[in-house]
Amino acid sequence: MSDYFPADLWIEILLKLPVKSLIRFTAVSKSWRSLITSPNFTSLHLSNSQKNRAILRHYDEHDKQEHYRLLEFAAKNGAFAINSSSEFDFPLNSQIGYYRIVGSCDGLVCSIDDLFLFPSQSVVLWNPSVRNHVILPPANTNPMEPHVVVLGFGIGNGVHKVVRIVYCRRPYDYGFGVPPQVEVFSLGAANWRTVDGFNIKLRILEFMWSQVLLNGIVHWLGYEPIDDDANSYNYSSRSSILSFEIDNEVFGEVILPDVLATGVASMCLFASEGSLALVNYSVAFESKACDVWMMKEYGVGASWTKLYRIELVEGFDRVVGFRYGEALLALNGLDLVAYNPESQGCRSLGIHGTPRSFYIDNYVESLLLLDGNREPAEEDLNRDVLEGWV
């Protein structure tokens, strides 16, 4: 094709193609394989990828399988829609049911198979679009005493990083007696490295540690005991958001409004349309309603605004995803439904899964982790298409 079109023209054509097609075209010639797998092409293609998607994970009790698929967002109202043609097979088998997901960034999904039981397990970075993954080396910090591991994943200055916070604790005790230890792994590095010189006052509950990545900053819900010698979490503790800048590797804090500054165990954190969003349940674990809040101007505490309330009628378990136009709710009947705040109505998405297995995060297709030496899988190849491009 290069005999008939200028190189810059057919490169522009390739940049607009989906990842699956590009994987097929790596079999056209060595020069095409070299181009498509090059860091520069990967970066340019990522910048052109569609941004109106999310990845959904759920565990279906019917077939006893873990499923990953794409959700599309409607352009006008942000409504969720299933992309039935895009379902991914996770490459590893879980020892405990399904992998705990840390987060998603630039088409990479970061997860770990510990479910808080084996916090020394390795972390996995997986790109479902190219069906490739890497298992990170063992971390350096694994205390003998009971401990909780909090993970974060994102990108800063063009480098994807995983941050690992290790809280040591006494058995059956949420009060941590020693300062946490922090390690960072940069994609492409050989080992984890220790990060010093910080003062983390906030503590993160092990069952509430899911991250939110926004503007190159990882966020977790946390709390600070009123008494420094407090041995357990209580509802009079000050709640807040712990942040970690991926590029500068600096911890910070995002202040919550006074009405939300207690009861971290009854809140969940999300990101929506470039802002932090928070769902606050009326009573932890026995909620009859929840309020949706949004920080309309990042870093400005006064911009926290209550958007609406969701009445949790019988059968609703929790909010698992949020867009300004809709919220995703998990039902105890193992269904996922989209809730419209204006009509206060729900519509089924036809997805079954255990309520605690649902996970949703923003997603874009990317060529990251595509190995230039890897032969395309048989299902990637379409000889008729290839012959038309040779």
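Everything quoted here is computed from the prediction, not taken from an experiment. (Residues numbered from 1 in each chain as written. Predicted model: local features only at pLDDT ≥ 70, side-chain atom pairs only at ≥ 80, totals over all residues. Heavy atoms only, no water.)

**Quick look at the overall build of the protein**
Secondary structure assignment for the protein yields five helices and 24 strands. Within the protein, the fraction of its 390 residues that count as buried is 54%. Long-range pairs, those at least 24 residues apart, make up 51% of the contacts in the protein with a sequence separation of at least 6. Roughly 18,300 Å² of accessible area belongs to the protein as shown, and the carbon and sulfur atoms make up 50% of that amount. (Helix = DSSP H or I, 4+ residues; strand = E, 2+ residues; numbered from the N terminus. Buried < 20%, exposed > 50% of the residue type's maximum accessible area, 1.4 Å probe, protein only. Contact = heavy atoms within 4.5 Å. Areas by Shrake-Rupley, 256 points an atom, 1.4 Å probe, with all protein chains shown as cover.)

**What to know about the pairing of strand S23 (residues 345-352)**
Pairing geometry for strand S22 (residues 335-340) and S23, over six bridges, is antiparallel. Residue pairing in the sheet places valine 337 in a bridge with serine 348 of S23. (Pairing = 2+ DSSP bridges.)

**Quick notes on the environment of valine 109**
Within the element layout of this structure, valine 109 appears in strand S5 (residues 108-112). For valine 109, a relative accessible area of 2% puts it in the buried group. Once you skip the residues sitting within four places of it in the chain, valine 109 turns out to touch Ile55, Ile101, Gly103, Ser104, Val124, Leu125, Trp126 and Pro128.

**Details of helix H4 (residues 39-48)**
Residues of H4 that are buried: Phe41, Thr42, His45 and Leu46. The buried residues of H4 occupy an angular sector of 135° when the element is viewed end-on, so they sit on one face. Residues Pro39 and Asn40 are exposed on H4 and point more than 90 degrees away from its buried face. (Arc of directions from axis to C-beta.)

**Focus: helix H1 (residues 7-15)**
Every α-helix winds through 3.6 residues per turn, so residues three or four apart in the chain are directed the same way. Those residues of H1 lying buried are Trp10, Leu14 and Leu15. Along the axis of H1, the buried positions cluster into a sector of 150°, meaning they face one direction only. Structurally, H1 contributes buried residues whose contacts are with helix H2 (19-25), helix H3 (30-36) and H4.

**Some words on the sheet that holds strand S17 (residues 275-281)**
The strand order across the open sheet built from four strands is S16-S17-S18-S19, with neighbouring strands paired in antiparallel fashion. Two strands close off the open sheet at either side, each with one partner strand: strand S16 (267-272) and strand S19 (304-311). Ignoring strand direction, the axes of neighbouring strands in this sheet form an average angle of 25°. When S17 meets strand S18 (residues 289-295), the two strands line up antiparallel, connected through six bridges. When the bridges of S18 are listed, asparagine 280 appears paired with aspartate 291. (Axes fitted to C-alpha atoms, helices over the stretch in contact; angles between N-to-C directions.)

**Details of the sheet that holds strand S6 (residues 123-127)**
Strand order across the open sheet formed by four strands is S4-S5-S6-S7, with antiparallel pairing between neighbours. For this open sheet the edge positions go to strand S4 (100-105) and strand S7 (132-135), each flanked by a neighbour on one side alone. Ignoring which end each strand starts from, the neighbouring axes of this sheet average 20° apart. Alignment of S5 against S6, held across four bridges, turns out to be antiparallel. Directly across from serine 111, in S6, lies its bridge partner valine 124.

**What about the packing of aromatic side chains?**
Applying the stated criterion across every chain, the model contains nine aromatic pairs. Ring geometry for phenylalanine 25 against tryptophan 32: centres 6.1 Å apart, planes inclined by 80°, an arrangement best described as edge-to-face. Phenylalanine 25 gets classed as buried once you look at its relative accessible area, which sits at 3%. A ring pair is formed by phenylalanine 244 and phenylalanine 251, whose centres lie 4.7 Å apart and whose planes are at 50°; its orientation type is tilted. (Phe/Tyr/Trp six-rings, centres within 6.5 Å; stacked < 30°, edge-to-face > 60°.)

**Quick notes on the pairing of strand S21 (residues 327-331)**
Burial analysis of S21 places five of its five residues in the buried class, which makes it a mostly covered element. Side chains Ala327, Leu329 and Leu331 project from S21 onto one buried face, and the interleaved Leu328 and Ala330 project onto a second face that is buried too. Where strand S20 (residues 316-322) lies against S21, five bridges are found, and the strand directions are antiparallel. Bridge pairing in S21 links glycine 321 to leucine 328. Where S21 meets S22, four bridges bridge the pair, whose relative direction is antiparallel. Among the inter-strand pairings, alanine 327 is bridged to a residue of S22, identified as tyrosine 339.

**Points about the pattern of salt bridges**
Following the criterion strictly, the structure yields 10 salt bridges and no others. A salt bridge links arginine 193 to glutamate 249, with the nearest nitrogen and oxygen atoms 2.4 Å apart. Placement of the pair is arginine 193 in strand S11 (residues 193-195) and glutamate 249 in the loop between strand S14 (238-245) and strand S15 (250-254), with a sequence separation of 56 residues. Of the residues examined, glutamate 249 reaches a relative accessible area of 16% and is grouped as buried. Across the pair arginine 238 and glutamate 253 runs a salt bridge whose closest N-O atoms are separated by 2.6 Å. Placement of the pair is arginine 238 in strand S14 and glutamate 253 in strand S15, with a sequence separation of 15 residues. On the basis of relative accessibility, which here comes to 30%, the residue arginine 238 falls in the partly exposed class. Via salt bridges that share partners, Lys161, Arg193 and Glu249 belong to a single interconnected network. (Salt bridge = Lys/Arg side-chain N within 4 Å of Asp/Glu carboxyl O.)

**Quick word on unusual backbone geometry**
The backbone of asparagine 157 shows a phi angle near 55°, a positive value even though the residue is not glycine. With respect to the helices, strands and loops of the structure, asparagine 157 is situated in the loop between strand S8 (147-156) and strand S9 (159-168). Given a relative accessible area of 66%, asparagine 157 falls into the exposed group. Phi is positive for glutamate 249, close to 55°, though the residue is something other than glycine.

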